[in-house]
Amino acid sequence: MPAYEIEIILNRQLADCLSIPVFITDTKGNLIFYNEPAEILLGKKYSETGEMKVEQWSTIYSQMDKDGNQIPPDELPLVRTIRDCTPNHKTFWIKSLQGNIEKISLTAYPIISRENKFLGAVAIFWKAKEDEN
Amino acid sequence: MKINSWGVRGSIPTSGADTKHYGGRTSSTLVSEDGELLVLDAGSGIQEFNSINAATYKRVDILLTHLHMDHIQGLGFFSPFFVPDLEVHIWGPLSSRNSLHSRISRYLSPPLFPVTIRELPCNLILHEIGNSQFEIGHFKIQSAFVIHPGPTVGYRITGNKSVFTYIPDHEPELGRNGIIKDPKWISGYDLAAGADLLYHDGQYTTEEYNKKRGWGHTSMVDTLLYASLAKVKHLLIAHHDPQHTDTQLNEMFIELKKEHDYPFKYEMAVEGMEINLP
Ligand SMILES: [Zn+2]
Ligand SMILES: [Zn+2]
């Protein structure tokens, strides 16, 4: 397996310095890195899980709108970012496997290299304010 | 494959009694094999090329790692530029905004230099590269972006039997906890992996590095770690800080040897040194 491009490596090094949860995926949505604050959200440790296939990590949470309806994957910001190579933002509710419900905002942006190549995506989670949509 | 180090100083030419041994010329290295040549970087060390009769070659290739001044300042004094019709190729990193031509022209034009690129009598051909693979004569070359301010690549050059990797400006440890010890997450790893000879940045002591994080250069200790993770056979520590005198570099190297035992050969790069690889 060849080394990741420096754009990915630098995003990980940056994520490692931040106090907000950050997830980094490859172009297919496989989770290639998550930082310590994200470990709390996932309830897993990167040093233990390593990289996770998209099927594996996308089921840890279910995503819901304000009425408790499941959000179709196509409307999730990270899914859109990976599909369209555009930045996306959305506020929604997540329910963990343990049944905890939390209102969060997610901003996802694509990593597009100097060579204009799509290399992956970064998703940043924020605890949403109550009045935020 | 023969490697000649023409300039191993970092940042700015530093000639004087104190830097006589390691040399004061900035980055430039000649790679030659089977009558074919590659010039890596065009720092002030490139003046050594002037003792070569360029007219006896069909073409001359310069591979630039990046366009910081200490890697291009010798361009204006590169004799092949002034040989009518000689094919001169310059390979350099692409930028998402400006062409290689316009970036080189910033230096090769008044007021910084009296002659413009357009006026050079040679047949100049520019190539923009990134994470690329290409061939020059019998040399197989791989380039990849590495961590350093501005578009910067390193080169892996495969000759008949040996691999030479050249990454003179590099800060692979940039981040909270330094180099991530997993090959997939190491800048330039594919370039350096298993190389017979690695020429690598090692500008700072650990103490200096801690004050200059993000400046784009490595500490000697991290260079050793990098070389060991990449399992290279021989390491040249280069891009010597202009503040480091011969005496200091000697002392730093003795300290390094005392504290760091690695199963590969390592030494400080010295201007004028020649290394023959199989
Ligand atoms: Zn330099
Ligand atoms: Zn530089």
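Scope of this entry: the structure provided in the associated data block. Everything numeric in this text was worked out from a predicted model, so none of it was measured.

So, how was this worked out
- Residues numbered from 1 in each chain as written.
- Chains lettered and ligands numbered in written order.
- Predicted model: local features only at pLDDT ≥ 70, side-chain atom pairs only at ≥ 80, totals over all residues.
- Heavy atoms only, no water.
- Donors = N, O, S within 2.8 Å, 3.2 Å for Na, K, Ca; no water.
- Tetrahedral: all angles 85-135°; square planar, octahedral: opposite > 155°, others 65-115°.
- Helix = DSSP H or I, 4+ residues; strand = E, 2+ residues; numbered from the N terminus.
- Buried < 20%, exposed > 50% of the residue type's maximum accessible area, 1.4 Å probe, protein only.
- Contact = heavy atoms within 4.5 Å.
- Buried area = accessible area lost by both parts, 1.4 Å probe.
- Salt bridge = Lys/Arg side-chain N within 4 Å of Asp/Glu carboxyl O.
- Polar contact = N/O pair within 3.5 Å; in protein donor to acceptor, adjacent residues only side chain to side chain.

Some remarks on the coordination of the zinc ion (ligand 2)
Residues and elements named next belong to chain B. Taken together, the protein ligands of the zinc ion (ligand 2) are His66 (NE2), His68 (ND1), His148 (NE2) and Asp169 (OD), with distances of 2.1 to 2.4 Å. Seen from the zinc ion (ligand 2), its four donor atoms lie at angles of 90 to 172°, and the figure they make is irregular. Spacing between the donor residues of the zinc ion (ligand 2) along their common chain follows H-x1-H-x79-H-x20-D. The distance between the zinc ion (ligand 2) and the zinc ion (ligand 1) is 3.5 Å, with Asp169 acting as a donor to both metals. Taken as a pair, His68 in the loop between strand E4 (59–63) and helix H1 (69–72) and Asp169 in the loop between strand E10 (163–167) and helix H3 (189–192) lie far apart in primary sequence, 101 residues in all. For Asp169, a relative accessible area of 2% translates into the label buried.

Here we look at the interface of chain A and chain B
Contact residues are listed per partner, giving 20 residues for chain A and 23 residues for chain B. Taken as a group, Gln13(A), Arg114(A) and Glu115(A) account for 35% of the area that chain A buries against chain B, more than any other trio of residues on that side. Between the two partners, chain A and chain B, sit three salt bridges. When the shortest N-O distance is used, the salt bridge between Lys184(B) and Glu51(A) registers 2.9 Å. Applying the counting rule to chain A against chain B returns seven residue pairs in polar contact (both at pLDDT 80 or more). For the side of chain A that touches chain B, the elements supplying multiple residues, two or more each, are helix H1 (6–15) and strand E2 (31–34) of chain A. Of the residues forming the side of chain A that touches chain B, the biggest block, six residues, is contributed by H1(A).

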